[in-house]
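Report on the structure
Here's the letter readout for the chains.
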Amino acid sequence: MGEPYYITTAISYPNGRPHIGHAYEAIAADVIARFQRLNGRDVRFQTGTDVHGLKMLQKARELDTTPRALADEMSQYFKDMCDRLDVSYDRFIQTSEDDHHRASQAIWKAMEANGDLYLDRYEGWYSVRDEAYYAEDELVDDGQGGKQSPQGTPVEWTVEESWFFKLDAYQDKLLALYDEHPEFLQPDTRRNEIVSFVKSGLRPLSISRTSFDWGVKVPGSDGHVMYVWVDALTNYLTGLGYPDDTELMAKHWPADLHLIGKDIVRFHAVYWPAFLMSANLPVPKQVFGHGFLLNKGEKMSKSVGNVVDPFALADAFGVDQLRYFLLREVSFGQDGSYSPQAIAMRSNADLSNSFGNLAQRILSFIAKNLDGYLPAIRGHQPADAALFEVLTDALQTEMPKAFEELSLSQGIEAWMRAVFACNAYVDEQAPWALKKTDPERMETVLATLYIAIAQLSIAISPVIPSSAKALLDHMGVPDEVRSLGAMGSHWYSPLAESDYQVGVPKPLFPRIDLPAEDAE
RNA sequence: GGCGGAGUAGCUCAGCUGGUUAGAGCGGCGGAAUCAUAAUCCGUAGGUCGGGGGUUCAAGUCCCUCCUCCGCUACCA
């Protein structure tokens, strides 16, 4: 096995069903994970759900069920989503699991042993009805000279016993981390925000609650459960067997990449490394805060009613079409916009017309004119070598480099350039004309294209895994060849000599015709 | 208010440490071809690079200022 690579998504808070934003993060992480596998890395990929906290408790009460039952039920939707979208996780964690409680308590004890925790009082404006604290500036006038919560519920000054973490003690170490390892937090704009936040001064962090009990118990402190972020972040360790001295921990910690949404950058770029430093554990190599998906340029929200169900999108457009669209169209790290029209256009232009049709025209030509027997290579001409050079450059240099840097859409652009080059080559060489004038040359041209199509499929397989696999299977490309390292090896002639026959292909990506209704 | 980011062809965007006629994709237009999912290929589009000022032999690319939009400015998952 190659070098270890550990990637995680954030764990989702399942107080509602998964929406397209969850799908986007899971898909992006999956593409990176699959790319690294293709790249020969020993990949571990974790995702899951964060089920503790007040909101889940409230939701459970609302539905007249227990938080655990609700957590199990809702988590299943997220698991189903991953399965539906071909998200190839190794571990799906749910924070109510026993090993996770054990890991969270272990990191707590480690921080305590390091002298960073202390018991004190948390004071603030508390709304009994909301079961939440509000900051002074969040309060609104109640119309009678008093204050009330933004929800219009009464608040009172409340004092609660709470454990605190000496976050302020880590200010300098955190700033040094950002400074010495700019790659730790990406994109740059997120790092700027965090640096200025940390520079503005850190305060101790309240990390336990006594007002409810749905969470991880604080060790040796009855009545306290951990502030959800303490246990939520710890999930990244739980999945590796922490606190035990496991092979997984040795191999995969620190994580290579925590892929998260831009809204939770602070927790991952400030609290998490501070917790880890306190517990004497190495910090992750990189945190990447991706952007949000906007529905036709507008933020999704339940109240507006423009939340999109990923299952519905997958059904309507196809899983690979959806995956391709999200990664090709959205510049990774920035917000992106999507609409049915945009998905259809992108899928039709790139997948159906350019790539799918390339495979279709060549494979069916071979199937119809050569009975599906693979043509022999009878001496290459400069044009063939030129095509291979373009392919190698795009697929084995540019694309991996871009993916390594998480410039995913740029990597796919490089792939598209290779696809264009192949279609241009087809038109220049015109095998249908060679059929009458120079059948031997025709064979070489078709063989060249066969190899090219296989390479294109292998390179794009992280993005459109099931379509790529279907095509490679149809073409009889051996499994051993399906990696970045081996895609350029000599597998074609042995396959051709083995009397392999390609069947008449079916269009890989049927064109999407949108119904006239633009609404929704 | 403070800090940070963005404003480039109809649309979506590239443009690193300043330097030949400002680029790509999509759409549009004009050709070619007919193997293929009416798919492909070639050519084309002349946009004051948000406004104004400045530095420089030379500025989307640096400085100042103004306008517009967005993000962050802690205990909410």
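Residues numbered from 1 in each chain as written. Chains lettered and ligands numbered in written order. Predicted model: local features only at pLDDT ≥ 70, side-chain atom pairs only at ≥ 80, totals over all residues. Heavy atoms only, no water.

Attention now moves to the packing of helix α1 (residues 20-38) against helix α13 (residues 382-404). Between α1 and α13, whose axes approach to 11 Å, the crossing angle comes to 130°. In terms of axis orientation, α1 runs oblique to α13. Note that α1 runs across α13; the crossing there is left-handed. The segment α1 lies against α13, with V31, F35 and Q36 engaging P400, F403 and E404. Split by residue class, the contact of α1 with α13 holds four nonpolar, one polar and one charged. (Axes fitted to C-alpha atoms, helices over the stretch in contact; angles between N-to-C directions. Helix = DSSP H or I, 4+ residues; strand = E, 2+ residues; numbered from the N terminus. Parallel < 35°, antiparallel > 145°, perpendicular 65-115°, else oblique. Left-handed = near helix turned anticlockwise from the far one by under 90°. Contact = heavy atoms within 4.5 Å. Nonpolar A, V, L, I, M, F, W, Y, C, P; charged D, E, K, R; others polar.)

Moving on: the nonpolar core. Counting residues in hydrophobic clusters, the biggest one holds 100 residues, and the most contacted among them are L395, W415, Y450 and L456. Every residue in contact with L456, bar those within four places of it in the chain, is listed here: F355, L358, L391, L395, W415, A418, V419 and C422. Among the nonpolar cores identified, the runner-up in size contains 58 residues, and V218, M226, A232 and V283 belong to it. (Core = buried A, V, L, I, M, F, W, Y, C linked by side-chain atoms within 4.5 Å. Buried < 20%, exposed > 50% of the residue type's maximum accessible area, 1.4 Å probe, protein only.)

Moving on: the environment of Y236. Positionally, Y236 belongs in helix α7 (residues 228-238). Looking at Y236, the relative accessible area reads 1%, which means it is buried. Sequence spacing of Y236 and V283 is 47 residues, and the spatial spacing of their C-alpha atoms is 11 Å. Excluding its chain neighbours within four sequence positions, the residues that come into contact with Y236 are Y6, T8, T9, A10, I11, Q46, W253, H258, I260, H268 and W272.

What follows is about the protein's contact with RNA strand B. Taken together, 45 residues form the shell around RNA strand B, and within it Y13, R203, R266, N357 and R361 come nearest. Among atoms of RNA strand B positioned within 4 Å of the protein, sugar and phosphate together represent 65%. Within the side chain of E193, a nitrogen or oxygen atom sits 2.7 Å from a sugar or linking oxygen of RNA strand B. One of the backbone N or O atoms of S206 is found 3.5 Å from a base oxygen in RNA strand B. Put simply, the parts of the chain that give the surface near RNA strand B at least two residues each are α6 (188-199), β10 (205-206), α7, α9 (265-278), α12 (340-369) and α14 (408-429). Of all the elements, α12 adds the most residues to the surface near RNA strand B, at eleven residues. Each residue belonging to the surface near RNA strand B can be placed in one class, and the counts come to 20 nonpolar, 13 polar and twelve charged. (Near = heavy atom within 4 Å. Polar contact = N/O pair within 3.5 Å; in protein donor to acceptor, adjacent residues only side chain to side chain.)

Here strand β14 (residues 287-290) shows no split at all, with V287 and G289 on one side and F288 and H290 on the other all buried. As paired elements, strand β9 (residues 185-186) and β14 share two bridges and run parallel to each other. What sits directly across from Q186, in β14, is F288. Pairing geometry for strand β13 (residues 257-261) and β14, over four bridges, is parallel. Paired with L259 across the two strands is F288, which belongs to β14. Where the polypeptide runs from β13 across α9 and back to β14, its parallel neighbour, the crossover connection is right-handed. (Pairing = 2+ DSSP bridges. Right-handed = clockwise from strand over helix to strand, strands pointing away.)

Under the counting rule described, the total for this entry stands at 20 aromatic pairs. Seen in terms of ring centroids, F165 and Y170 are 5.7 Å apart; in terms of plane orientation they differ by 10°. Their pairing is stacked. Y170 shares its class with F165; the two are buried. Seen in terms of ring centroids, W229 and F267 are 4.1 Å apart; in terms of plane orientation they differ by 5°. Their pairing is stacked. Of the two residues, W229 sits in helix α7 while F267 sits in helix α9, which places them 38 residues apart along the sequence. (Phe/Tyr/Trp six-rings, centres within 6.5 Å; stacked < 30°, edge-to-face > 60°.)

Turning to unusual backbone geometry, a few remarks are in order. Omega for the bond connecting Y242 with P243 falls within 30 degrees of zero, at 10°, which places this linkage in the cis form. Looking at the secondary structure, you find P243 in the loop between α7 and α8 (247-252). With a phi close to 60°, D86 is a non-glycine residue in the positive phi region. Mapping D86 onto the fold places it in the loop between α3 (67-84) and β3 (91-94). Positive phi is not limited to glycine here, since D499 has a value of about 65°. By the secondary structure assignment, D499 is in the segment after α18 (492-497).

One open sheet holds the six strands; their spatial order is β3-β2-β1-β13-β14-β9, and the pairing between them is parallel. The open sheet terminates on both sides in strands that have one partner only, identified here as β3 and β9. Pairing of strand β1 (residues 4-9) with β13, which is carried by three bridges, proceeds in the parallel orientation. Considered in β13, the bridge of T9 is made with L259. In the packing of α9 onto the sheet, contacts are made with β9, β13 and β14, and the angle to β13 comes to roughly 140°.

Before going further, it helps to examine the confidence of the model for chain A. Summarising the model, chain A shows a mean pLDDT of 90, and 93% of its residues fall at 70 or more. Within chain A, the element-level pLDDT minimum falls on strand β6 (residues 140-141), averaging 67, and the maximum on helix α17 (residues 465-475), averaging 97. This complex was scored by the predictor with a pTM of 0.93 and an ipTM of 0.89. (pLDDT = per-residue confidence, 0-100.)

Structurally, D256 can be placed in the loop between α8 and β13. Among the polar contacts made by the side chain of D256, one reaches the side chain of K285 at a distance of 3.1 Å. Apart from residues no more than four positions distant in its own chain, D256 is found in contact with P4, Y5, Y6, R41, K285 and Q286.

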